[in-house]
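Report on the structure
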Amino acid sequence: MKTDYEPIRVLEEATLLSHLEEVFNAPAVSSLLAFKDKIDKDNLLASVMKGYHFPLSEKFGGELHTICREVAKQLALDDLNVEYYVCNSPETNAYALFNHNEGEPHYVVLHSGLIDKLEPDELRFVIGHELGHLVYRHSVLYRVMELIYPNFEDLPPFLQGIHDLWRKLGEISADRLGLLAVRALEPALSAMFKMSSGLSMGYFKMDPKAYLEMIDDLMADMEKTGERVFESHPANPVRVKALELFFHSRTWADWTGGRKPRRDKALEAKLEDAIAVLRKTPRVEREKSELLFLASAGYILMTCDEDANEDEYTYLLNLLSYYYFWPAAYLEGYFEEKDPKKLQKTMAKSAARIVKEYPQSTRTMLQALIPLLTRDKRLDQRELDMLFKIAEKHLQIPHAEVVDLILAGLVENFRPMT
């Protein structure tokens, strides 16, 4: 590949990918898979492509094949080994498949529904986007994750939020290559509109200026409610806004002007605001209070026996992930601070607010903490005493009820080490 597209990649996407690769030890797993690929080539992908889709070529594909090759050349990716296919599907969609067999082509598949609806420049944007996924090797991590978790629903909750955000930011990174392929905002916007609406525009006229104004209104509404939807792509208003910001950025001006891009802090700040809605964070005061309480009380309970272990930490991460997309980052301050008085004050203040304004949550908060008692497969008296203190003094739950709740929690969670 002749051109390095890292300078235009969404910075947070690259950061999240590095974190996930570290968690899954992706380089080591990928090297094992690569060795297996050489010994036992899996030709299923090639068989599916050639058996069920139509390959594009100079003899079979005409203008569509020409557009694909022109996009690759425009992006200086004409040496990237890619074959283009058409599949019979009414969906306005396309996808890229990374081929892990050395020396064999990658694939970009265009749905017939997409081809029927999009104009040539709109197709260029979509093809550039799909090549972006190949350039950034997004599917390499997916292969490792699918090996470890064949069912993505089994992915630990504390990883789900990070994965969801990374996947959506990956679409925004790929959109930037799509825009570079067409070099104009209007066809990119119309392509995104058609793909999200399913309209062919035969009876519809899209005014780009009015469309961007509508996007701003939709973004304002989303900021009030939050997205909180686990879909593979970011919500359309966020995606459009991110592309508009990139088009008007210094990075775009540098890149299209043939200059080496410098770090664009203005673009990063504006994008930060635009994608904030994609992050799972507390949206109402009750959730903010519960997150603060569980993080501080959980940390206090986990460390009061001076022997916090990995299972306890993982449980706390999973617990906090229902409120915050990256719980490990949220907890970093607690581990760095190590100020017992400050932690106690934080816990007491958040508990007091829950008791006063959200008393219906007090029992739920206690039940969420109980499994921390037994994650190390033993029951430490110091942890038990601390939990009673948190429950009675701060959550104001009567002693007899605390006993019943803890006993029920032990029946469900306590499995002593044998």
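Please refer to the structure placed before this passage.
About the thresholds
- Residues numbered from 1 in each chain as written.
- Predicted model: local features only at pLDDT ≥ 70, side-chain atom pairs only at ≥ 80, totals over all residues.
- Heavy atoms only, no water.
- Helix = DSSP H or I, 4+ residues; strand = E, 2+ residues; numbered from the N terminus.
- Contact = heavy atoms within 4.5 Å.
- Lys, Arg positive; Asp, Glu negative; His and termini not counted.
- Charge placed at Lys NZ, Arg CZ, Asp CG, Glu CD.
- Patch = residues over 30% accessible without salt bridge, like charges linked within 9 Å, V, L, I, M, F, W, Y side chains within 5 Å.
- Areas by Shrake-Rupley, 256 points an atom, 1.4 Å probe, with all protein chains shown as cover.
- Salt bridge = Lys/Arg side-chain N within 4 Å of Asp/Glu carboxyl O.
- Buried < 20%, exposed > 50% of the residue type's maximum accessible area, 1.4 Å probe, protein only.
- Phe/Tyr/Trp six-rings, centres within 6.5 Å; stacked < 30°, edge-to-face > 60°.
- Axes fitted to C-alpha atoms, helices over the stretch in contact; angles between N-to-C directions.
- Parallel < 35°, antiparallel > 145°, perpendicular 65-115°, else oblique.
- Nonpolar A, V, L, I, M, F, W, Y, C, P; charged D, E, K, R; others polar.
- 1 Å grid on protein atoms, 1.4 Å probe; cavity = no way out; pocket = protein on both sides within 12 Å on 5 of 7 lines; lining within 4 Å.
- Points joined across faces, edges and corners; volume = space filled by probe spheres on them.
- Left-handed = near helix turned anticlockwise from the far one by under 90°.
- Pairing = 2+ DSSP bridges.

**Observations concerning the overall build of the chain**
When its secondary structure is counted, the chain shows 20 helices and 4 strands. Put simply, 74% of the contacts in the chain that link residues at least 6 apart link residues at least 24 apart. Here the chain contributes 51 positively and 66 negatively charged side chains, and the mean placements of these two sets differ by 4 Å.

**Overview of a negative patch on the surface**
A contiguous patch of negative charge, built from Glu 186, Asp 207, Glu 213, Asp 217 and Asp 221, is present on the exposed surface. Broken down by element, the negative patch gets its largest block of residues, 3 residues, from helix 10 (residues 208-225). Within the fold, Asp 221 resides in helix 10. For Asp 221, a relative accessible area of 43% translates into the label partly exposed.

**As for the pattern of salt bridges**
Taken as a whole and assessed by the stated rule, the structure comprises 24 salt bridges. One salt bridge in this structure joins Arg 124 and Asp 121, with 3.1 Å as the shortest N-O distance. Taken together, the residues span about one helical turn, with Arg 124 and Asp 121 both in helix 6 (residues 120-135) at a distance of 3 residues. By relative accessible area, which is 39% here, Asp 121 ends up partly exposed.

**Details of the packing of aromatic side chains**
Each aromatic ring pair is characterised by the separation of its centres together with the angle its planes make. Enumeration over the complete set of coordinates arrives at 11 aromatic pairs. With a centroid separation of 5.4 Å and 45° between ring planes, the pair formed by Phe 247 and Trp 252 is classed as tilted. Given a relative accessible area of 23%, Phe 247 falls into the partly exposed group. For Trp 252, a relative accessible area of 8% translates into the label buried. Look at Phe 325 and Trp 326: their rings are 6.5 Å apart centre to centre, the planes differ by 65°, and that puts the pair in the edge-to-face class. Each member of the pair, Phe 325 as well as Trp 326, is classed as buried.

**Examining the packing of helix 14 (residues 285-303) against helix 15 (residues 310-320)**
Across the interface, helix 14 lies against helix 15 with an axial gap of 10 Å and an inter-helix angle of 175°. Our classification of the angle between helix 14 and helix 15 gives roughly antiparallel. When helix 14 is examined against helix 15, the residues Leu 291, Leu 294, Ala 295, Gly 298, Tyr 299 and Met 302 are found in contact with a partner set consisting of Glu 312, Tyr 313, Leu 316, Leu 319 and Leu 320. When the residues that make up the contact of helix 14 with helix 15 are grouped by side-chain class, the tally is 9 nonpolar, 1 polar and 1 charged.

**Quick look at empty space enclosed by the protein**
Throughout the structure, instances matching the rule amount to 2 cavities of 30 Å³ or more. The volume enclosed by the second largest cavity comes to roughly 40 Å³. Put simply, the parts of the chain that give the lining of the second largest cavity at least two residues each are helix 4 (62-74) and strand 2 (82-87). A per-class count over the lining of the second largest cavity returns 6 nonpolar, no polar and 2 charged.

**Digging into the packing of helix 6 against helix 8 (residues 157-182)**
For the pair helix 6 and helix 8, the least separation of the axes is 7 Å and the interaxial angle reads 130°. Regarding the angle of helix 6 to helix 8, the classification is oblique. Note that helix 6 runs across helix 8; the crossing there is right-handed. Residue-level contacts link Asp 121, Arg 124, Phe 125, Gly 128, His 129, Gly 132, His 133 and Val 135 of helix 6 to Gly 170, Glu 171, Ala 174, Asp 175, Leu 177, Gly 178, Leu 179, Ala 181 and Val 182 of helix 8. Each residue belonging to the contact of helix 6 with helix 8 can be placed in one class, and the counts come to 7 nonpolar, 6 polar and 4 charged.

**Observations concerning the pairing of strand 2**
Every other side chain in a regular strand lies on the same face of the sheet, so the side chains alternate between the two faces. Counting buried positions along strand 2 gives 5 out of 6 residues, so the element sits mostly inside the fold. Direction of pairing for strand 1 (residues 54-55) relative to strand 2: antiparallel, over a ladder of 2 bridges. Within the sheet, the bridge partner assigned to Pro 55 lies in strand 2 and is Tyr 85.

**Some points on the environment of Val 48**
The residue Val 48 is located in helix 3 (residues 44-52) in this model. For the pair Val 48 and Ser 321, spaced 273 residues apart in the sequence, the C-alpha separation amounts to 38 Å.

**Description of the layout of surface pockets**
Size it by volume and the second largest pocket reaches roughly 370 Å³. Forming the walls of the second largest pocket are 19 residues, and the residues nearest its centre are Arg 9, Val 10, Leu 11, Arg 176 and Glu 268. Listing elements by their share of the lining of the second largest pocket, those giving two or more residues are helix 1 (11-23) and helix 13 (265-275). Tallied by class, the residues present in the lining of the second largest pocket amount to 9 nonpolar, 1 polar and 9 charged.

**With respect to the sheet that holds strand 1**
Reading across from one edge, 1-2-4-3 is the order of the 4 strands in this open sheet, with mixed pairing throughout. Here the strands that pair on one side only, and so sit at the sheet edges, are strand 1 and strand 3 (94-97). Where strand 2 meets strand 4 (residues 106-111), 6 bridges bridge the pair, whose relative direction is parallel. In the strand pairing of strand 4, Val 86 is matched with Leu 110. Along the sheet, helix 4 contacts strand 2 and strand 4; its crossing angle with strand 2, the most-contacted strand, is approximately 145°. Where helix 6 meets the sheet, its contacts fall on strand 2, strand 3 and strand 4, and the angle it forms with strand 3 comes to roughly 25°.

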